[in-house]
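Inside the fold
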Amino acid sequence: MKVAVSIGLLGLMVFLVPWSLHEEAVRRMPNVMPEKGPEGVEGFPKANYLYGRRAFLEGRVEAAERYFERAISQNVLYVEAWLRLAEAAMSMDERAFSRRISTMLTEITQKVARWKWDQALLARELGQEGIFTENINLLIRDSRRVNDALWLLETHLDQQTPRVLDRLVPENRETYFRWLMRWRRAEDAVTAWKVLASEQHDDESLRLSFVHFLTGNDHLALARELWMPSADPAGMTNPGFEEPLTRMGFDWRCRDRADEWSIRRTSVRAHSGRKALELRFYGSANSFFSHLYQLVPVSPGVSYQLSYWWKALQISSDKGVYAEVVGHDCRGLNEKGPMVLGSQDWRQVQLNFEVPEDCLAVVIRFRRQKSGRFDNKLSGVLWLDDFVLQPLERS
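Residues numbered from 1 in each chain as written. Predicted model: local features only at pLDDT ≥ 70, side-chain atom pairs only at ≥ 80, totals over all residues. Heavy atoms only, no water.

**Comments concerning helix α13 (residues 220-227)**
Listed in full, the buried residues belonging to α13 are L220, L222, A223, L226 and W227. The buried residues of α13 all sit within an arc of 165° when viewed along its axis, so they share a single face. Exposed and oriented more than 90 degrees from the buried face of α13 are A221 and E225. Here the buried face of α13 lies against α11 (186-198), α12 (204-215), β4 (289-297) and β9 (361-368). (Buried < 20%, exposed > 50% of the residue type's maximum accessible area, 1.4 Å probe, protein only. Helix = DSSP H or I, 4+ residues; strand = E, 2+ residues; numbered from the N terminus. Arc of directions from axis to C-beta. Contact = heavy atoms within 4.5 Å.)

Next up, the structure:
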């Protein structure tokens, strides 16, 4: 009995040693491929597939087709080989055969995303619009090659946004909308937004992102239209700093500069409500400051009054902080308010201005010009609260 087992094991070893050497050769493919052909490794589906791919790239299509067929005969579920076989058949004008392969693969890989990109490319070449669109939607849904998938779909449809939206399933349209914004395609993004709005797509963060996008891409009228339903009665966004600053759209935008100043909401000093905004200057530089502002939609030709409350503590040098109102992408408006210096308790400031006829928005900004004096470094603290922007009655 032991002798029989030993002989059996010896025979198995004789078989496995050459097999393991061949398997190692296949594992090194395609980096190392013998020029003479797959002799010795023809029993491995991967080897036949790789030799078929090389033959196809070299223009030996009939040889490639034979290799792919051999790989499939050894592993009927070898999807890559099926795909390449369909390509080879298509190049030999056997499109009906290629379509049958494409349809079969669609049916057996419905829940598998791995090959959807190749399947989409194949379906597009074969004119299988339904299969092409289905695979593109699956790629986007599963967040696989989203940028490539959308570029391919747009190329296929001549970059006609309405047609692209029609091909995409509803859950993928937001992805396309965000993609359009990322590529700064304002007109197409507006088209996509209208479709999302018609589907009652209610996402506050998406609306805010779109308003921010519109304000930076010369679509102030639509940005204002989207913003106004949630606008504050005070005429400005977040006028009392009760909410966190989003730094987007028509909200306050600000930026700190290390070692020179910081801007933050505070509950220690507030004129009313729970919060105010604190600007703290560290006295380390002769600071040029223009880093707190808000873009505000207005009506052309209308006069307004801006009012706000501020409080100061030891604002240094001869150049303090002041508010100014300038036109956004329009000329003829540049109104400056009083400058704050030293220390003062809460005080209201009012600033009147008239909007030019061609102006849809103004920028309300706080600034400080550099000082020409020897003791020119800016230090101190300024608090802001309770902004109101209201139109003035015509006299």
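**Notes on the environment of G127**
For G127, the location among the structural elements is in the loop between α6 (116-126) and α7 (129-141). A relative accessible area of 48% means that G127 is categorised as partly exposed.

**Things to note about the side chain of R253**
Summarising the element assignment, R253 is placed in strand β1 (residues 252-254). Among buried Asp, Glu, Lys and Arg side chains, R253 stands out as unpaired, with D251 the closest opposite charge at 8.2 Å. Discounting residues that sit within four places of it in the chain, R253 has contacts with H212, T215, R247, M248, H291, L292 and Y293. (Lys, Arg positive; Asp, Glu negative; His and termini not counted. Salt bridge = Lys/Arg side-chain N within 4 Å of Asp/Glu carboxyl O.)

**A few points about the sheet that holds strand β7 (residues 334-340)**
With respect to topology, 5 strands assemble into an open sheet ordered β1-β4-β9-β6-β7, the strand pairing being antiparallel. Every other strand in the sheet has two partners, leaving β1 and β7 as the edge strands with one partner each. Between one strand axis and the next, the sheet turns through 15° on average, direction left out of account. Bridging between β4 and β9 involves 7 bridges; their strand directions are antiparallel. When the sheet's bridge partners are listed, P297 is paired in β9 with A361. (Pairing = 2+ DSSP bridges. Axes fitted to C-alpha atoms, helices over the stretch in contact; angles between N-to-C directions.)

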